[in-house]
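Coordinates in review
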Amino acid sequence: MSDRLPEQLHNQGGRGPYRYNRGSPMVERTKNPQPTPRPKKQPTDPAENLTAILSQKVVGQPAATRVIVPYIQMFQAGLAPEGRPVGVFLLLGPTGTGKAKTVEALADILHGSEKNVLKVDCGEFQMEHEVAKLIGAPPGYLGHRETQPMLTQQKLNAVTTDRCGLSLVLFDEIEKAAPSLTRLLLGVLDKGVLRLGDNSTVNFEKSLVFLTSNLGAREMMKEINPDFGFQAGAGMERHDLTSKLQNIALVAVRKKFSPEFINRIDCIITYQPLTVESLSAILDHQISDLQNHVNTRLGPRCFTIEVPFESRQWLLRKGTSPEYGARELNRTIHRNLTQPLATMVATGQVEPASRVRVETAEDDESLVLRTTGPDEAEIPAHPTVLLVDDNRDLLHFLERLMAEAGWKLLTAESASGARKLLTSEKPNAALLDYMLPDGNGVELGVQLRQIASRMQVIVMTGSVLPPEEEAICEEHDFPVLRKPFLASDVMNQIRSRLTPAAGAGAR
Ligand SMILES: Nc1ncnc2c1ncn2[C@@H]1O[C@H](COP(=O)(O)OP(=O)(O)OP(=O)(O)O)[C@@H](O)[C@H]1O
Ligand SMILES: [Mg+2]
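Residues numbered from 1 in each chain as written. Chains lettered and ligands numbered in written order. Predicted model: local features only at pLDDT ≥ 70, side-chain atom pairs only at ≥ 80, totals over all residues.

1. Focus: the site of ligand 1
Around ligand 1 sit 20 residues in total, of which T95, G98, K99, K101 and A326 are the nearest. Those elements that place two or more of their residues in the shell around ligand 1 are α4 (99-111) and α13 (325-346). By residue number, the principal contributor to the shell around ligand 1 is α13, which donates 4 residues. Of the residues assigned to the shell around ligand 1, the class counts are 7 nonpolar, 10 polar and 3 charged. Both domain 1 (81-273) and domain 2 (277-374) contribute no fewer than three residues apiece to the shell around ligand 1. (Near = placed C-beta within 6 Å. Helix = DSSP H or I, 4+ residues; strand = E, 2+ residues; numbered from the N terminus. Nonpolar A, V, L, I, M, F, W, Y, C, P; charged D, E, K, R; others polar. Domains from an automatic or database assignment.)

Shown next, in the form of structure tokens:
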């Protein structure tokens, strides 16, 4: 689904005349580019779409997603100002709350991989002489030819893709860097240009620059968890806590950085401690990521991981820590699920296409992983596919191709026709057009899943899905195919999702 975003954003052309406001240091919305006011529920706004998708990946940080998205749109619309980066953000807040995750999630959405980020670990540049590693030593210095600068135009361009020309640059833990790095950055933030040791320049005009920092984090911890053993921010209203943390962050920032540096930052965003609901959503993501990882890495040897509600609650109980945010949850999942699973695979205890059920032990102290045998019924050699679309040409075309591949195609031109078919047939997958004469494909997909929980559902659309529908697709793991597409794309998509246990979700 993420493949389509940059295109969608382009499609909106010059819409959204964002005001550009320089020298706006706070997250206060008045200082950020503001989308033009519009009625709340305009369904096909790509900004809302991107915000919705980003906030599914970065859970529980609505302020961050809302603030960053308009800058991306400004770039996509070709309206980003010249002579400076597209946007400069300072991300603050307690550990493990999604600061770095935000940049990775954006890279995934815009470029198709979380790795498309030029990351500078500022902890590696604590000493003045180390900063030369970043920009290369000037000519005349001994060995200057051997020092390859880390920040070159080539490296900046290497993190862009054909889909999107915006580079995401992350200076992680900026407070650890030597002062000369902050001075260098001043030039980048101010003019969008970095001068290297050999006097060549790197242009940051097509970049979003993210600075993360733990400034004030310790004081924030005291506020969140004044007395260890008590609940996070006990007794305090959430919005009180939010503004307290923001104040702590800003005081720490003002103490550390010069006003001219702060003035060149577009937004300072304070990340909030994660609530139990957010951690629960993150846990669900982590488990589906683990399943996807198993599917892609093990291919035909993959299996289904089934984590019932009680075991999820167990992981949440053990992994919820106000001190370490989602990092503790990640560690808990790793220790209690990923590692034991890896041991089982390595020692040949998991057969291809089997199920691994994760249960809580009797004493509630650990998780127990049990395997059950392969479920042959789930691996159809010749799947049956239900196609619901009133486009007869597409129906005929796919019918011919699938017949050649030995697949069976059932067709319906409306949602009611599809529901009727299901009374006598059991398709393995359904390919549903979003616009149906008597409903929409997403709604129908949800209904079909209620009838046949294992059915793979793919939604097709000729335009952008409304954000609510996008969210439903994400939630139910319905991939969305943008028309026009190649017939082979559809067949591959169905094939990959019909491999044993693929996308079974194990919820
Ligand atoms: N808000 C969130 N939404 C989704 N996942 C999250 C969130 N916060 C943390 N995580 C998970 O926890 C991991 C660590 O988070 P991240 O690296 O973003 O922390 P951070 O805020 O940069 O913390 P630190 O200040 O310690 O560097 C992420 O890789 C992700 O798996
Ligand atoms: Mg971090």
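Don't stop here, the text continues.
2. Structural notes on the sheet that holds strand β13 (residues 429-433)
Reading across the sheet, the 5 strands line up as β12-β11-β13-β16-β17 and stay open at both edges, with parallel pairing between neighbours. Lying at the two open borders of the sheet, with one neighbouring strand each, are β12 (408-412) and β17 (480-482). Ignoring strand direction, the axes of neighbouring strands in this sheet form an average angle of 20°. Here strand β16 (residues 456-461) pairs with β17 via 3 bridges, running parallel. Looking at β17, one finds that V459 is bridged to V480. Helix α14 (residues 392-404) contacts β11 (384-388) and β12 of the sheet and is inclined by roughly 165° relative to β12. (Pairing = 2+ DSSP bridges. Axes fitted to C-alpha atoms, helices over the stretch in contact; angles between N-to-C directions. Contact = placed C-beta atoms within 7 Å.)

3. Some points on the sheet that holds strand β9 (residues 355-360)
Note: strands within a sheet are paired through backbone hydrogen bonds, in either parallel or antiparallel orientation. In spatial order, the strands read β8-β9-β10; together these 3 strands make up an open sheet with mixed pairing. Each edge of the open sheet carries a strand with a single partner, namely β8 (304-306) and β10 (367-372). The average undirected angle you get between the axes of adjacent strands in this sheet is 25°. Bridging between β9 and β10 involves 6 bridges; their strand directions are antiparallel. Its bridge partner lying in β10, R357 is registered against R370.

That's the geometry; what it means functionally is another story.
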